[in-house]
Amino acid sequence: MPTAPVLRVHPSARDCGMLVEMSGVFAGRPHLLGPVTTIGRSTECRLRVEDDALSRSHARITLVAGEYVLEDLGSLNGCYVGDRRVMRVPLRDGNRVRFGSTVMMRFQMVTEDEQLALFRIYEAGLRDALTGLSNRKQLEERLRAELSFAKRHGTELSVLMADVDRFKAVNDVHGHLVGDAVLKHVATVLAATVRTEDLVARFGGEEFVVIARSTSLAGAAQLAERLRCALEQQPVRVGALAVKVTASFGVASVQSEAQPSAAGLLARADERMYRAKALGRNRVVSCQEPDR
């Protein structure tokens, strides 16, 4: 299954090979190459790319006598270095490598310091500065990858949208420092309550999103209720001040949508979150509910 990027530094080599994605939603993501690196859509590939243009086992890069050698594994759409289709070729620093029709990467040799710098730059671009959660960019990247996997394998996937209730009043009454403390508190509670395979992101302002892998609409509604209760039961403490925090949740799932898309799932969860607000706040809406 698709996962958040794991940033590893090569454990021993002073100079080693790396592929950096140059296209798609993961542009800029670095991948260190091992002695043997298989590339393709299969979960068994070391470098897994969820893209229909790639074969399950598309290509292999092998370290041979100090050189990284690219080999096509009989792929349908081919491997290209520059504009030339290749079957087996040594890679040179700076080569542009294309897998299939759409997946473009750059091969480069890097030192340990360069590895760290590239990983830190990429990671910094995926984090919300205030809360430390994933930011909207990483959320959208991850949701597209998770949705592609769910469609291909027929698995469940749900999205939860949460909005802090009456957040503007917190800022107006207590000031923005307390407001920031509330957002950081909400981030901490959400991250501590979900599973390790789920992703929590700050969507913007006082809105947060959870991507719940392999979770049905009913299961996601139960998760949202646990999150709602956890927030309600833990006030934010800033010095002597205790601020009660609640949130309204909207839930959507792949299985409940006729033609699920990343934007569609977020829009449906957002719609239901606003429905929860209209029904009195501090509640979960996972389907269209009548007026009360």
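Above this text you will find the structure in question.
Starting from 1, residues in each chain are numbered consecutively following that chain's sequence as written. Local features in a predicted model are, by the rule used here, given only for residues with pLDDT of at least 70; side-chain atom pairs are given and counted only at 80 or more, and totals for whole chains, interfaces and linings are based on all residues. Side-chain calculation: all heavy atoms of the structure are included, whereas hydrogens and water are not.

Asker: Which residues make up the nonpolar core, and what are the values?
Answerer: Ranked by internal contacts, the top residues of the largest apolar core, which has 32 residues, are Leu 160, Val 182, Val 186, Leu 190, Phe 208, Leu 227 and Phe 249. Working definition: helices are DSSP H or I runs of at least four residues, strands are E runs of at least two. Numbering for both runs from the N terminus. Broken down by element, the residue count for this core peaks at eight residues, all from helix α4 (residues 176-193). Whether two residues are in contact is decided by their heavy atoms: any pair within 4.5 Å suffices. The residues touching Leu 160, leaving out its near neighbours within four places in the chain, are Phe 208, Val 209, Val 210, Ala 212, Ala 220, Leu 223, Ala 224, Leu 227, Gly 250 and Val 251. Among buried residues, the Ala, Val, Leu, Ile, Met, Phe, Trp, Tyr and Cys ones that are joined through side-chain atoms within 4.5 Å form a nonpolar core. In this scheme, a residue with accessible area under 20% of its type's maximum is buried, one over 50% is exposed, and one in between is partly exposed, where area comes from a 1.4 Å probe on protein chains only. Formed by 27 residues, the second largest nonpolar core is a distinct cluster that contains Met 18, Leu 33, Val 110 and Phe 119.

Asker: Lay out the packing of aromatic side chains with the relevant residues and their values.
Answerer: Any two of the Phe, Tyr and Trp rings considered here, Trp counted by its six-membered ring, make a pair once their centres fall within 6.5 Å; the pair's planes then place it as stacked at under 30 degrees, edge-to-face at over 60, or tilted in between. Per the counting criterion, the structure on display carries one aromatic pair. Judged by centre distance (5.8 Å) and plane angle (55°), the rings of Tyr 68 and Phe 107 are tilted. Here Tyr 68, found in strand β6 (residues 67-72), pairs with Phe 107, found in strand β11 (residues 103-111); they are 39 residues apart in sequence, far enough to count as distant. Judged on exposure class, the residue Tyr 68 and its partner Phe 107 are both buried.

Asker: Hey, could you go over the environment of Leu 73 for me, with residue numbers and the actual values?
Answerer: You can see Leu 73 is positioned in the loop between β6 and β7 (79-81). Using a relative accessible area of 27% as the deciding quantity, one classes Leu 73 as partly exposed. In this structure, the C-alpha to C-alpha distance between Leu 73 and Ala 242, residues 169 residues apart in sequence, is 61 Å.

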